[in-house]
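Tertiary structure, described
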Amino acid sequence: MSEVSVRLPTPLRPLAGGQAVIRAEGGTVGEVIVGIALAFPALSAQLLTHDQRLRSHVALYLNDEDVRYLAREATPVKDGDVVEIVPSLAGGSSEPEQGRGTIRADSVMSREEMRRYSRHLLLPEVGVAGQARLRRSKVLLVGAGGLGSPAALYLAAAGVGEIGLVDFDVVDASNLQRQVLYGTRDVGRPKLEAAKDRLEDLNPDVRVRTYPEKLESGNALEILRPYDVVVDGTDNFPTRYLVNDAAFFLGKPNVYGSVYRFEGQVSVFDARRGPCYRCLYPEPPPPGLVPSCAEGGVLGVLPGVIGLLQSIETLKLLLGTGESLVGRLLLFDALGLGFRELHLAKNPDCALCGPRATQTGLIDYPAFCGVGAAEASDRVPEIAPGELSRALQAADPPYLLDVREPEEWAIVRIEGAHLIPKGELPQRLSELTSAREVVLYCKSGLRSSEATRFLLDLGFNNVRNLRGGLDAWAREVDPDLARY
Ligand SMILES: [Zn+2]
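The following refers to the structure shown. Counting of residues starts from 1 at the beginning of each chain's written sequence and follows it residue by residue. Restriction of local features to residues with pLDDT of at least 70 applies here, the model being predicted, together with a cutoff of 80 or more for giving and counting side-chain atom pairs; totals for whole chains, interfaces and linings are based on all residues.

**Here's the deal with the pairing of strand E18 (residues 463–466)**
In regular strands, side chains alternate between the two faces of the sheet. In plain terms, the rule: Two strands qualify as a pair provided that DSSP identifies no fewer than 2 bridges between them. By the criteria applied, helices consist of DSSP H or I runs no shorter than four residues and strands consist of E runs no shorter than two, each listed in order from the N terminus. A clockwise path from the first strand over the helix to the second, with the strands pointing away from the viewer, defines a right-handed crossover.
For strand E14 (residues 382–383) and E18, the ladder comprises two bridges, and the chain directions are parallel. Each residue of the ladder has a partner; that of Glu-382, found in E18, is Asn-465. Inspection of the sheet shows strand E17 (residues 438–441) paired to E18 by three bridges, in the parallel sense. Bridge pairing in E18 links Leu-440 to Asn-465. Handedness of the β-α-β unit built from E17, helix H15 (residues 446–457) and E18 comes out right-handed.

**A closer look at the packing of helix H6 (residues 148–158) against helix H11 (residues 302–319)**
Keep this limit in mind: As a rule, the C-alpha atoms of each element are fitted with a line to give its axis, helices using only the stretch in contact, and angles between N-to-C directions run from 0 to 180 degrees. Throughout, the term roughly parallel applies to angles under 35 degrees, roughly antiparallel to angles over 145, roughly perpendicular to angles from 65 to 115, and oblique to all others. Handedness of a crossing follows from how the near helix is turned relative to the far one, being left-handed for an anticlockwise turn of less than a right angle and right-handed for a clockwise one. The contact criterion used here is simple: two residues whose C-beta atoms, placed from the backbone, lie within 7 Å are in contact. Put simply, Ala, Val, Leu, Ile, Met, Phe, Trp, Tyr, Cys and Pro go in the nonpolar bin, Asp, Glu, Lys and Arg in the charged bin, and everything else, Gly too, in the polar bin.
Between H6 and H11, whose axes approach to 7 Å, the crossing angle comes to 40°. Here H11 runs oblique to H6, going by the angle between their axes. In terms of crossing hand, the pair formed by H6 and H11 is right-handed. Only Gly-304, Gly-307, Leu-308, Gln-310, Ser-311, Thr-314 and Leu-315 of H11 make contact with H6, whose side of the interface consists of Gly-148, Ser-149, Pro-150, Ala-151, Tyr-154, Leu-155 and Ala-158. Looking at the contact of H6 with H11 residue by residue, the class counts come to seven nonpolar, seven polar and no charged.

**Considering the sheet that holds strand E5 (residues 82–87)**
Here we have five strands laid out as an open sheet, ordered E2-E1-E5-E3-E4, and mixed in their pairing. Each having just a single partner strand, strand E2 (21–26) and strand E4 (65–66) make up the two edges of the open sheet. Examined bridge by bridge, strand E1 (residues 2–7) and E5 share three bridges and lie parallel to one another. When the bridges of E5 are listed, Arg-7 appears paired with Glu-84. This element, helix H1 (residues 29–39), spans E1, E2, strand E3 (58–62) and E5 of the sheet and lies at about 120° to E2.

**Describing the environment of Glu-431**
The condition that has to hold: With C-beta atoms placed from the backbone, a residue is labelled by how many other C-beta atoms lie within 10 Å of its own: buried for 20 or more, exposed for 12 or fewer, partly exposed between the two.
For Glu-431, the position within the fold is in the loop between strand E16 (418–419) and E17. Classification of Glu-431 by C-beta neighbours within 10 Å gives exposed; the count is 12. With 13 residues separating them along the chain, Glu-431 and His-418 place their C-alpha atoms 9.7 Å apart.

**Quick notes on the nonpolar core**
Using the following cut-off: By our criterion, buried Ala, Val, Leu, Ile, Met, Phe, Trp, Tyr and Cys residues that link up through C-beta atoms within 7 Å make up a nonpolar core.
One finds Leu-141, Ala-152, Ile-163 and Val-230 to be the most contacted residues of the largest nonpolar core, which totals 65 residues. Residue contacts for Ala-152: discarding those within four places in its chain leaves Leu-141, Ala-144, Ile-163, Leu-165, Leu-181, Ala-195 and Leu-199. Among the nonpolar cores identified, the runner-up in size contains 19 residues, and Ala-24, Ile-36, Leu-47 and Ile-85 belong to it.

**Things to note about the packing of H6 against helix H7 (residues 191–202)**
The N-to-C vectors of H6 and H7 enclose an angle of 30°; their axes lie 9 Å apart at closest approach. As judged from the angle between their axes, H6 and H7 are roughly parallel. Relative to H7, the crossing made by H6 is right-handed. Counted together, Ala-152, Leu-153, Ala-156 and Ala-157 of H6 and Ala-195, Leu-199 and Leu-202 of H7 form the full contact between these two elements. Partitioned by chemical class, the residues of the contact of H6 with H7 number seven nonpolar, no polar and no charged.

**Describing the sheet that holds E14**
Sheet strands pair by backbone hydrogen bonding; their relative direction is either parallel or antiparallel. Pairing is parallel across the open sheet formed by five strands, whose spatial order is E14-E18-E17-E15-E16. A strand with exactly one partner marks an edge of an open sheet, and here the two such strands are E14 and E16. Bridging between strand E15 (residues 399–402) and E16 involves two bridges; their strand directions are parallel. Bridge pairing in E16 places Leu-401 opposite His-418.

**Topic: unusual backbone geometry**
Notably, Arg-261 is not glycine yet its phi reads approximately 55°, a positive angle. Looking at the secondary structure, you find Arg-261 in the loop between strand E10 (254–260) and strand E11 (263–269). Exposure remark for Arg-261: the 14 C-beta atoms within 10 Å place this residue in the partly exposed category. Even without glycine at this site, Leu-337 takes up a positive phi of about 50°. When you line up the elements, Leu-337 lands in the loop between strand E12 (328–333) and strand E13 (338–343). Overall, the presence of 8 C-beta atoms within 10 Å leaves Leu-337 in the exposed class.

Below is the structure:
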């Protein structure tokens, strides 16, 4: 006989006295299951047929392995093994029973609210009291983009009383692939105007407050202060650190999410109970070391997954239920389709939340994308789009070098250019000429300015960077150029 733990799914726990994990004994998986069925007779009908065989809608796992591919019920167990019961779930689609005590709450909730939130009211973890709590709650979403869109929609639908949104962008056609708050007719509108319309249509009970401005050290504390939970849906490091630091100084939980290509991360930073973002990454990387915004593609569904995980964590924090991600970093891999979890410890040397903290205020880091980043990088000789256009038509045109990625090149390019992605430049220098001037370009001018600096340092002296990249070229020279 070995002693094992049996993990029960939520629907079966009430049949075992509310326990999530039961200690049980047996020599095989089958013996363990029969053992718990005997100890908790109510479980028996759920798990076993009348002739004591395992029901077919119940899957059994031994230490994360499906026993059907081991020796089924005859699979031997040893001390310390974990048997997990995984039932098939249909989802909460049954009609609420009329007249049940749980939804008789006319005094705290209108009939419309009871109808709207009935699937919440039927959950013991939410119920009338929890729903009223959500209505009193305030959540700030920093960023109304890929992560903020699903989070805003579901938090509004769930009945969070007040939702604040910080974003100063305008809806662009390239947003619609993942930013599901917006529709085609919103292209060109300020995001927060469109978001407010959509959220108020989804749930008129929700108050939507908008902050159409950039989060900075000067306004961050004031904007975050009224809210219970802050959801970090930013796409850049300066704002991410600001959100973390401001949430720390105000003593608020910061629900973190980030996405890149096919991978995402989620955690909850709350320095009162666990680590902060700076415990994980003390300082942002220097601007040149991270893939710039223009390079980073993302599978459209991915921020949906991550933004919704952030919403779940937010609702749990507001309701005071469940086990939050404080102290844990959840990693999601869409290509391999799997989650991994890393333990996140509080860093005793954290400059922000550690016992010998040295940081006493908010920090504005230089921008990582676009104009600010180009200014932050070393100055290199530049050529304006109009001047380049004229030079390309002259008798002795410059050698035009595109340093973007092949995927970007496939979307759009300047005629006559040569492609050498920035990362391949060191191995492909022999393809360059020193007889003609070399003009480098990328999407926004940042990557190409770094590549220009690289060539200058190697002794190429007749090189210039296209100021503002393809974006500026499209604005000033060729308005018909495809944008991405
Ligand atoms: Zn910290």
